[in-house]
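Examination of the molecular architecture
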Amino acid sequence: MGRLAGATVRLERPSRAEHGDYATNVAMQQAPKDGRPPRELAESLASEVARLPQVERAEVAGPGFLNVFLTPDWYGAALGEILEAGAEYGGGSASTKERVQVELVSANPTGPLTVGSARNAAYGDVVARLLAFTGDQVEREYYFNDVGRQVDLFRESVEARRRGEEPRAEGYTADYVREIAAEPGDPVERMLELIEEELGDFRVPIDSWVLQRKVEREIPDVLPRLDTYEAEGTTWARTSEYGDDKDRPLVRSSDGSFLYFAGDVAYVWNKFGRGFDRLIYVLGADHHGYIGRLKAATAMLGYEPDRLEVLIYQLVSIVEGGEARQSSKRRGDVVFLRELVEKIGIDAARWYLVSRGHDQPIDIDVDLAKERSEKNPVYYVQYAHARIAGILRNAGEAVAAAQAPMDIAPEERDLVKRLAEFPEVVGEATQRRAAHAIPTYAIRVADDFHRFYHRHRVLGSDRQEFRLALVLATKTILARSLDLIGVGAPERM
């Protein structure tokens, strides 16, 4: 249709069946450019579109809307495509396959992972899953800040507990410090092990672990590559010339000590040196300033700034018993990832942490998240998958066939059209790094399936083969959607 219109055509699903299976306003957009009345162009398009083999008819409505009605053959073909592709339906769509690194979490090893770090982990992991599904080669990396004041304070606090003393006021006083103090060895190394275990349990595979102290060894080799100057007893990077809002200090001239940005630049250099085509940083809401400086570092090192992305996610609040939980890792009243998982489970935790756009704050209602009812969206979607699994178990060796009946029902039409949207949903979610689009889509699939299921019998019906094909395709799409967000697809509930 785009070729016929001479423009990109965006099809939408009308809210009312009498307006067709799909509709477009392309004639209203293109007509002024062609110097024609919109309705005249729409009528011309309608006559051409109606000749397409899987179009039943095309009608013009209002000032130039084009409504398209599809034949049953289109539905059979769409369903057959899904069944043939199976679990790979919607995948492999990346136009250019890249080697991508997603750096995620990278929390200081001064305590267990908090729900804030958990959002970083869940969101970053879904971005990585989407990129891999669409065809990129993806590596997840965790950067450990194993040196610096906070790490020193943590070690001091543990040692104080080991001596039976209270940590100093600015130190760490939470209960987990006592637990770490009860174990021998370096507390930071032990915390690294615990974090690795937590992420593994949370279904976030980390491919590479990088320590800050090792990256900082590369700083002397990197600094000569930068555009720098001396001022105020400090060596500065001229980052304002490369898109940053101000220049950044690198080295304190008085003692030659490296400042924080020097480590940032060395890490960018280290990453690109490993052959990645694209670097993605997942950072918290207090890191907006890092976007400009990291892109400037990329440009100063001779790489295209667009090859580096910084994804900023907003805060997470936990609501329990109608009250929000406050957080402070040092005092110990923070909500840790393990506590959240114990209360609501991994599936619900992962779902809720990516259920809204990363640029929006999230309130997780613990009481709702652990509820096993249709009011809980993750339960609702998983139940749809489990219900289909039950149908297929009862079907045994019954044959499924994608050929649609001539009188395909509205609920069957709606479900096929929803499933056929999956490649576009995945492609757009990947491009926009919009992890929340997947759970949103999964709810819509579950809605359409439940509506179909409550109005139509599958087994023993006069169109059993087609409906078995329909529920099998739905199960495939639901399972893939849940997998992309790291949530289980149960066979029984």
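A brief look at the structure comes next. (Residues numbered from 1 in each chain as written. Predicted model: local features only at pLDDT ≥ 70, side-chain atom pairs only at ≥ 80, totals over all residues. Heavy atoms only, no water.)

Regarding the sheet that holds strand 8 (residues 234-237)
Just so we agree on the cut-off: Between any two strands, pairing holds if DSSP finds at least two bridges. In this text, helices come from DSSP runs of H or I with a minimum length of four residues, and strands from runs of E with a minimum of two, each type numbered from the N-terminal end. Throughout, a residue-residue contact means that at least one pair of heavy atoms, one from each residue, lies within 4.5 Å. Here an axis means a line fitted to C-alpha atoms, over the contact stretch when the element is a helix, while the angle between two N-to-C directions is reported on a 0 to 180 degree scale.
As summarised here, the arrangement of the 4 strands in space is 7-8-9-10, forming an open sheet in which the pairing is antiparallel. The sheet is open, and its two edges are formed by strand 7 (228-231) and strand 10 (257-258), each paired on a single side. Strand direction decides the pairing type here: strand 7 and strand 8, joined by 4 bridges, are antiparallel. If you follow Glu230 over to strand 8, its bridge partner there is Thr235. Most of the contacts of helix 11 (residues 260-273) go to strand 9 (residues 248-252), to which it runs at about 105°, and overall it touches strand 8, strand 9 and strand 10.

Quick notes on helix 6 (residues 149-162)
The condition that has to hold: Multiplying 1.5 Å by the helix residue count minus one yields the expected span of that helix. Partly exposed residues are those whose accessible area sits between 20% and 50% of the maximum for their type, while under 20% is buried and over 50% is exposed, using a 1.4 Å probe and protein chains only.
For helix 6, with 14 residues, the first-to-last C-alpha span of 20 Å sits near the 20 Å given by 1.5 Å per residue. Every buried residue of helix 6 is accounted for by Val151, Leu153, Phe154, Ser157, Val158, Ala160 and Arg161. Structurally, helix 6 contributes buried residues whose contacts are with helix 7 (175-181) and helix 8 (187-201). Taken from the residues just after helix 6, Gly164 is the one with a positive phi, measuring 80°.

Some thoughts on the packing of aromatic side chains
To be explicit about the condition: For Phe, Tyr and Trp, where Trp contributes only its six-membered ring, two rings pair if their centres lie within 6.5 Å, and the inter-plane angle classes them as stacked under 30 degrees, edge-to-face over 60, or tilted in between. Either the NZ atom of lysine or the CZ atom of arginine qualifies as a charge over a ring when it sits within 6 Å of the ring centre and within 35 degrees of the ring normal.
Tallied over the entire structure, the rule returns 15 aromatic pairs. Between Trp74 and Tyr75, the ring centres sit 4.9 Å apart and the planes meet at 85°, which makes this aromatic pair edge-to-face. You'll find Trp74 and Tyr75 in the same group, each marked buried. Relative to Tyr453, the ring of Phe449 lies with its centre 5.7 Å away and its plane at 35°, an arrangement referred to as tilted. Note that Phe449 and Tyr453 are positioned in helix 18 (residues 437-455) at a spacing of 4 residues, about one turn of the helix. Among the residues examined, Phe449 registers a relative accessible area of 0% and is labelled buried. Looking at Tyr453, the relative accessible area reads 29%, which means it is partly exposed. Taken together, the ring pairs in this structure connect Tyr22, Trp74 and Tyr75 into an aromatic cluster. The ring of Phe69 is capped by Arg57, whose NZ or CZ atom sits 3.7 Å from the centre of that ring.

Section: the layout of surface pockets
Convention followed: The way it works is a 1 Å grid over only the protein atoms, where trapped points that fit a 1.4 Å probe form a cavity and open points with protein on both sides within 12 Å along at least five of seven lines form a pocket, and then any residue with an atom within 4 Å of a point lines it. Grid points are joined across faces, edges and corners, and a volume is the space filled by probe spheres set on the points. The residue classification treats Ala, Val, Leu, Ile, Met, Phe, Trp, Tyr, Cys and Pro as nonpolar and Asp, Glu, Lys and Arg as charged. All others, Gly included, are polar.
Counted as a void, the second largest pocket has a volume near 960 Å³. Lining the second largest pocket we find 32 residues, and of these Leu11, Arg13, Tyr22, Glu421 and Glu424 sit closest to its centre. Elements represented by at least two residues in the lining of the second largest pocket include exactly strand 3 (65-70), helix 16 (410-420), helix 17 (422-432) and helix 18. Residue contributions to the lining of the second largest pocket peak at 6 residues, all from helix 17. Looking at the lining of the second largest pocket residue by residue, the classes come out as 19 nonpolar, 3 polar and 10 charged.

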